[in-house]
Amino acid sequence: MKRTVFIFLLSLIMTQNTFSQKKIWDESETGKEERLEWWTDARFGMFIHWGLYAQAARHEWVKSTEHLTNEEYDKYFEIFNPDLFNPYEWAKKAKAAGMKYAVITSKHHEGFCMFDSEYTDYKVTNTPYGKDIIKEWVDAFRAEGLRIGFYYSLLDWHHPDYTIDVSHPQTPEKQTKEEYAKLNKNRDMAVYREYLKNQVREILSNYGKIDILWLDYSFPMEFGKDRDDWGSVELLKMVRELQPGIIVNDRLDLKEYEGGWDFTGAEQYKVQKWPEIDGKKVPWETCQTLADSWGYYRDEYTWKDNRQLLGLLIESVSKGGNVLLNVGPTARGYIDYRANSALDKVGEWMKYNSRSIYGCTEAPEDFDAPANTVLTYNPETKRLYIHLIDYPTRHLVLHGYKDKLKYVQFLHDASEISILEPSGHFQPKTEQNDITLLLPVVKPNVEIPVIEVFLK
Ligand code: GLC
């Protein structure tokens, strides 16, 4: 008996030990909810991928996919000069599109720094442009009242100590240990790890309050990189010390660490339902491009249309998530006509319908979504939003809503929607607690009309 008690206590101590080893940040659940509140309310942000690759204009991975050497890639560094860059214009566009926050690439995988760093010469202030783009960008976006985020690439295809791995431009043709060892003989990840930490410290110290940090990415596999390569635990501890309110994504390979991430991501896909970890719904964001590539791609033809983009936003909110929609500005510094037109159209819809997005989330389970509709819900105002993805012909039956609703209107023009009194003829058969809305035959002049239901 005594022995069992002893073993039990021992195992308790051991689990607590491993548990505390796996803790990065001490915070209660409500503490975290409060820290993330502005972000979960905001729902919609702008992602900006901008770097030297904008000049190649054929994907931000061009250095890797075309196996370019530093020397071959240098031509972009030598001429980088975005003479039409006006971050105030960008910020206005983001705001007009209904976005509440923005995340910009301070360094992408190519290793080029868009900020003035003490630790490298490979930075924007050494190009013909000569100014710290990140500083200019932060000032402008803050002035428009947008929240600020930095993307920072953990990968670095320029740093001489960053070891060559599967995604590196100089990855060997034969993927063997010997080949990698040969190539990496003079490279030392410990030196790069220090560099990475120093640079993250810089971007989190030199630009005031930073709301989001987007670190990209880990690939724990053979000839890949994981949390030990980045020194993720130490790195994140430093991040939290420098910016206690910051919100961090989940690509540091610290999924099983308490406080190792704030939200999870869905890159370029729609989730089927609200993502859960250990049976609990977690904060999440889908990042998505307008066309295929993140950086500016001149000859791109795979642009998502307005309906697809709105559908993405509405569906994400209906499952409790955020959307970070990407633009890849040109190397002259402006957002091109295709991206502009996409943002304008989203903005047109948001101008009249954003009430169904901001502060909204998944609807309570007892609300049934009629066919071809998507629901969102604002728990503060107790309003339910029915998005009419496919506009119905006159009638919309709301099953089981009768006791719950006070008033119904279109969101875009606050015009009342009548409730049909059952009379038996020429109207859908309903059950006792159903309600039938009488809609105008002609679809309102809105891409996806929204019905706003005031609940009791
Ligand atoms: C991937 C890509 C990268 C892009 C990012 C955005 O990690 O490597 O090019 O920046 O996704 O989520």
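What counts as what
Residues numbered from 1 in each chain as written. Predicted model: local features only at pLDDT ≥ 70, side-chain atom pairs only at ≥ 80, totals over all residues. Heavy atoms only, no water. Helix = DSSP H or I, 4+ residues; strand = E, 2+ residues; numbered from the N terminus. Polar contact = N/O pair within 3.5 Å; in protein donor to acceptor, adjacent residues only side chain to side chain. Contact = heavy atoms within 4.5 Å. Axes fitted to C-alpha atoms, helices over the stretch in contact; angles between N-to-C directions. Parallel < 35°, antiparallel > 145°, perpendicular 65-115°, else oblique. Left-handed = near helix turned anticlockwise from the far one by under 90°. Nonpolar A, V, L, I, M, F, W, Y, C, P; charged D, E, K, R; others polar. Core = buried A, V, L, I, M, F, W, Y, C linked by side-chain atoms within 4.5 Å. Buried < 20%, exposed > 50% of the residue type's maximum accessible area, 1.4 Å probe, protein only. Domains from an automatic or database assignment. Pairing = 2+ DSSP bridges.

(A) Representation of the side chain of Glu452 in the model. Considering the arrangement of structural elements, one finds Glu452 in strand S17 (residues 450–455). At 2.8 Å, the side chain of Glu452 forms a polar contact with the side chain of Arg355. Within the local environment of Glu452, its side chain forms a polar contact with the side chain of Arg383, the two groups lying 3.3 Å apart. Other than its neighbours up to four places away in sequence, Glu452 contacts Arg355, Arg383, Leu384, Tyr385, Tyr407, Val408, Gln409 and Leu411.

(B) Summary view of the packing of helix H6 (residues 87–96) against helix H7 (residues 133–143). H7 packs onto H6 with a crossing angle of 40 degrees between their chain directions and a minimal axis gap of 8 Å. In terms of orientation, H6 lies oblique with respect to H7. Viewed along their axes, H6 and H7 form a crossing whose handedness is right-handed. Here Pro87, Tyr88, Trp90, Ala91 and Ala94 of H6 come into contact with H7, specifically with Glu136, Trp137, Asp139, Ala140, Phe141 and Ala143. For the contact of H6 with H7, a count of residues per class yields nine nonpolar, no polar and two charged.

(C) Representation of the nonpolar core. In this structure, Trp137, Phe141, Phe150, Val200 and Leu213 are the most contacted members of the largest nonpolar core, which totals 95 residues. If you tally residues by element for this core, the top one is helix H9 (residues 189–205), at seven residues. No fewer than three residues from each of domain 1 (29–356) and domain 2 (373–455) sit in this core. For Leu213, the contacting residues outside a window of four places in its chain are Phe150, Val200, Ile203, Leu204, Val239, Ile246, Ile247, Val248 and Asn249.

(D) Representation of the sheet that holds strand S6 (residues 264–267) in the model. Here eight strands make up an open sheet; going across it, the order is S5-S4-S3-S2-S1-S10-S9-S6 and the pairing parallel. Two strands in the sheet have a free side with no partner beyond their single neighbour: strand S5 (247–248) and S6. Pairing of strand S9 (residues 284–288) with strand S10 (residues 321–327) involves five bridges; the strand directions are parallel. Bridged to Trp284 within S10 is Gly321. Of the strands in this sheet, strand S2 (101–107), strand S3 (147–153) and strand S4 (212–216) touch H9, which is tilted by about 170 degrees from S3.

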